[in-house]
Amino acid sequence: MGTTFDATTIDDALADLSAGERTWAATPLRERAELLDQIHKRTGRFAADWVRAARAVKDLPEDSPLVGEEWMSGPMTLLQATAALADTLRKLDAGRSPLDGVTLGSAPGGRVSVPILPLDLYDRLLLSGFSGEVWLRPGVDEATARRDAGLAQRDPAQTGGIGAVLGAGNITSIPPLDTLYELFAHNRVVALKLNPITDPLFTVFEMVFAPLIELGVVRILLGGAEEGGYLVRHPLVAHAHMTGSAQTHDAIVWGTGAEGTANKKAGTPLLDKPITSELGGVSPTLVVPGEWSDADLAFQAAHIATQRLHNGGYNCVAAQAVVIAADWPQRDRFLDELRTALELAPQRTPYYPGSDKRVADALAAYPAAERLGQGRVLVEGVPPAESPLLNTEYFSPVLGVVELPGRGGEFLHRAVDFANAELTGTLGANVLAQPAVIRRLGTAFDRALERLRYGAIAVNAWTGLAFLAPRASWGAYPGHTLDDVQSGIGVVHNAFLLDHVERTVVRGPFRPAPRSLLAGEPALSPKPPWFVDNATAAETGRKLTEFYAGRDPLRLPGLFLSAFRG
């Protein structure tokens, strides 16, 4: 990369952006949509370079099926986001709401819901049986939802200064996605500082974002904590956004050590500007008891193993607490399948700094924990209150099992109370339940979803799908504050540019095809390609990326063949 990113470099970048803000204010919506088209094209062009750099960061062999994670959570995600945002801008340019042509629905509690999956034929083909919607906050009616969609792009000449984005070090699409959200949702030009872990992607990101860099509205910077602190506190920066841990957030906002503690206690932040954030937490998977077949037990165990082990466990929304019914007759068989799934999942390098120490901390806290595979830890019998696993985001392959009494609706009610009251964070929660059980519970199940205070909820799916879906909102449940930030403040992604967002809810099939069809579920999806035990994930992820780069229907037969071989 060859460039030293010191204070002078940051000063110069911000001076460029100050001039670029005037250019951005004068850029009409039509040209902004065309810029997104260019970024989309360049993402497809440099997708293989992107994945190659990500493999190097994560020490993944070229022939590993886990490379599929890098295709799908990297360039594929940005391809979908740029296309969805460009569509929103073109509607606004035509004087229409981004929600024109979209039939809004209703969610529990009288909320308005906005469908985000499926929206077209390709969604129905590639994600058969999956669906999703964004729930708006109580009291927001349909007319308000349509009127306010578009956020800052409703008045594109009114810019918001410079936004500083501190990029994440785990999922490689997070920095570019957060950059686009600052630029379009908030109409701020952007200084993106990469996490040092992702420095090898610097050149790829510069190539992808070249049109915005040449326009003077984006600058990409390198550096560590010192450079990040200098950037967000710079007088030319109007707003900061970060993805990371609550500890990093508090260090930025309040300071470190005794000074930070004193500032937080006094309510006097060091940071003199607004900050939004996505900070993770302890994500639960609630397993509603039922009468599961052997195949159901094995599939859902692999599902939970994926929720924990995707990207090595280094995800803000990785499942950490599995909540099951203590008197579920199939409890022991399910836990045996979960052990097997964790043990047999592909091995990988623990690339994220501090992972080994966090695993050691978990083993020290739970001496009876099982070690499964390379560095994986399963903790059974986690106490349902005041236990380290419930309030420490281990950000490593550590998974705990919490048992609660009750069956059916009684268990689900207790599990929701537990997730809301005992777990740190509100980013994502998963619920696994047979369709027959969901139907039997009826409004009690809907009420349980309403009561779950999480920014993303997945029913028979993983909340990672809400991250991948471009029109889903992504962020903590609303209401957190600087002194109790939990999983963060604000949302990102949200390609409809919706205002008044409360949460995203995604749903998937309880069983993969063909078992889904035999059980009367109208879903054609095989084992999802993001499952860690999917044998063709790398090939399918590459083919999905190639498809979204051009939406050529001639690519679909090969894509489907790869997916069904998984």
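Residues numbered from 1 in each chain as written. Predicted model: local features only at pLDDT ≥ 70, side-chain atom pairs only at ≥ 80, totals over all residues. Heavy atoms only, no water.

If you look the chain up in an unreviewed UniProt entry, it shows as Aldehyde dehydrogenase (NAD(P)+) from Nocardia puris.

What about the pairing of strand β12 (residues 376-379)?
Burial of the side chains of β12 extends over both faces: R376 and L378 are buried on one face and V377 and V379 on the other. Of the strand pairs in this sheet, strand β11 (residues 370-372) and β12 are connected by 3 bridges, and their pairing is antiparallel. Residue pairing across strands places R371 opposite V377, the latter belonging to β12. From the end of β11 to the start of β12, which pair antiparallel, there are 3 residues, and G373 there has a positive phi angle of about 70°. The pairing of β12 with strand β13 (residues 398-404) spans 3 bridges and is classified as parallel. (Buried < 20%, exposed > 50% of the residue type's maximum accessible area, 1.4 Å probe, protein only. Helix = DSSP H or I, 4+ residues; strand = E, 2+ residues; numbered from the N terminus. Pairing = 2+ DSSP bridges.)

Side note on the sheet that holds strand β10 (residues 319-325)
The 11 strands lie next to each other as β1-β2-β3-β18-β15-β14-β9-β10-β13-β12-β11, forming an open sheet whose pairing is mixed. Each having just a single partner strand, β1 (105-107) and β11 make up the two edges of the open sheet. In this sheet, neighbouring strand axes are inclined to one another by 25° on average, regardless of whether the strands run parallel or antiparallel. Where strand β2 (residues 111-117) lies against strand β3 (residues 131-136), 4 bridges are found, and the strand directions are antiparallel. Bridging from a neighbouring strand, L117 pairs with G132 of β3. Of the strands in this sheet, β2, β3, β14 (428-432), β15 (456-459) and β18 (501-507) are in contact with helix α19 (residues 443-451), which crosses β18 at around 135°. (Axes fitted to C-alpha atoms, helices over the stretch in contact; angles between N-to-C directions. Contact = heavy atoms within 4.5 Å.)

Let's talk about the UniProt feature "domain: Aldehyde dehydrogenase" (unreviewed entry) in the chain
Mapped onto this numbering, the UniProt entry gives "domain: Aldehyde dehydrogenase" (unreviewed entry) at residues 212-343. Between the C-alpha atoms that bound residues 212-343 there is a distance of 45 Å. The span itself is 45% helix and 20% strand. (UniProt positions renumbered as here; feature names shortened; annotations may be inferred.)

Quick notes on the pattern of salt bridges
Scanning all chains against the criterion turns up 36 salt bridges. Note that R30 and E31 form a salt bridge whose closest N and O atoms lie 3.8 Å from each other. Judged by relative accessible area, R30 falls into the partly exposed class, the value being 43%. (Salt bridge = Lys/Arg side-chain N within 4 Å of Asp/Glu carboxyl O.)

Examining helix α1 (residues 7-25)
Taking 1.5 Å per residue as the helical rise, α1 with its 19 residues ought to reach 27 Å, and the 27 Å between its terminal C-alpha atoms agrees with that figure. Maximum bend of α1: about 30°, positioned at A19. Residues T9, I10, A13, L14, L17, G20, E21 and W24 constitute the buried set of α1. (Expected span 1.5 Å × (residues − 1). Bend = angle between axes of the 7 residues up to and from the residue.)

Quick look at the sheet that holds strand β6 (residues 218-221)
With respect to topology, 5 strands assemble into an open sheet ordered β6-β5-β4-β7-β8, the strand pairing being parallel. Each edge of the sheet is formed by a strand with only one pairing partner; in this case those strands are β6 and β8 (275-278). The sheet shows a mean angle of 15° between the axes of neighbouring strands, taken without regard to direction. Relative to strand β5 (residues 189-193), strand β4 (residues 162-166) is paired through 5 bridges, and the arrangement is parallel.

A look at the nonpolar core
The biggest cluster of nonpolar side chains holds 110 residues, and the ones touching the most others in it are L136, L212, L231 and L498. Non-local contacts of L136, meaning those with residues more than four positions away in its chain, are made with R111, V112, V114, A145, L498, D499, H500, V501 and E502. Among the nonpolar cores identified, the runner-up in size contains 64 residues, and L372, V401, V431 and I457 belong to it. (Core = buried A, V, L, I, M, F, W, Y, C linked by side-chain atoms within 4.5 Å.)

A short note on the pairing of β14
Of all 5 residues in β14, 5 are buried, a share of seventy percent or more. Because side chains alternate across β14, one face comprises the buried residues G428, N430 and L432, and the other comprises A429 and V431, equally buried. Pairing geometry for strand β9 (residues 283-287) and β14, over 3 bridges, is parallel. Of the residues in β14, the one forming a bridge with L286 is V431. Across 4 bridges, β14 lies against β15 in parallel orientation. Residue pairing in the sheet places A429 in a bridge with I457 of β15.

So, the environment of T392
Here T392 shows up in the loop between α16 (388-391) and β13. With relative accessibility at 31%, the residue T392 sits in the partly exposed group. Remark: the alpha-carbon pair of T392 and G442, spanning 50 residues in sequence, is separated by 34 Å. Non-local contacts of T392, meaning those with residues more than four positions away in its chain, are made with V282 and Q320.

Some points on the packing of aromatic side chains
The tally for this structure, following the rule as stated, stands at 16 aromatic pairs. Considering the side-chain rings of W24 and F184, the 5.5 Å spacing of their centres and the 80° angle between planes classify their relative orientation as edge-to-face. One end of the pair, W24, is in helix α1; the other, F184, is in helix α7 (residues 174-185), and 160 residues separate them in sequence. Each member of the pair W24 and F184 is classed as buried. Judged by centre distance (5.9 Å) and plane angle (85°), the rings of W292 and F334 are edge-to-face. (Phe/Tyr/Trp six-rings, centres within 6.5 Å; stacked < 30°, edge-to-face > 60°.)

Concerning unusual backbone geometry
In this structure, the amide linkage connecting L117 to the following residue, P118, adopts the cis form with an omega of -15°. Examined against the element boundaries, P118 turns out to sit in the loop between β2 and α5 (121-126). In the segment running from A513 into P514, the intervening peptide bond is cis, with an omega of 5°. Counting through the fold element by element, P514 comes out in the loop between β18 and α21 (515-518). With a phi angle near 50°, R551 is a residue other than glycine that sits in the positive phi range.

Regarding the environment of F299
With respect to the helices, strands and loops of the structure, F299 is situated in helix α13 (residues 294-309). Owing to a relative accessible area of 9%, F299 belongs among the buried residues under this scheme. Separated by 151 residues in the primary sequence, F299 and D148 have C-alpha atoms spaced 42 Å apart. When neighbours within four sequence positions are excluded, F299 is seen to be in contact with F510, R511, P512, R515, P528 and F531.

Brief notes about the side chain of N195
Along the chain, N195 falls in the loop between β5 and α8 (202-208). N195 gets classed as buried once you look at its relative accessible area, which sits at 18%. Not counting the four nearest positions on each side in its chain, N195 is found in contact with G167, A168, G169 and Y352.

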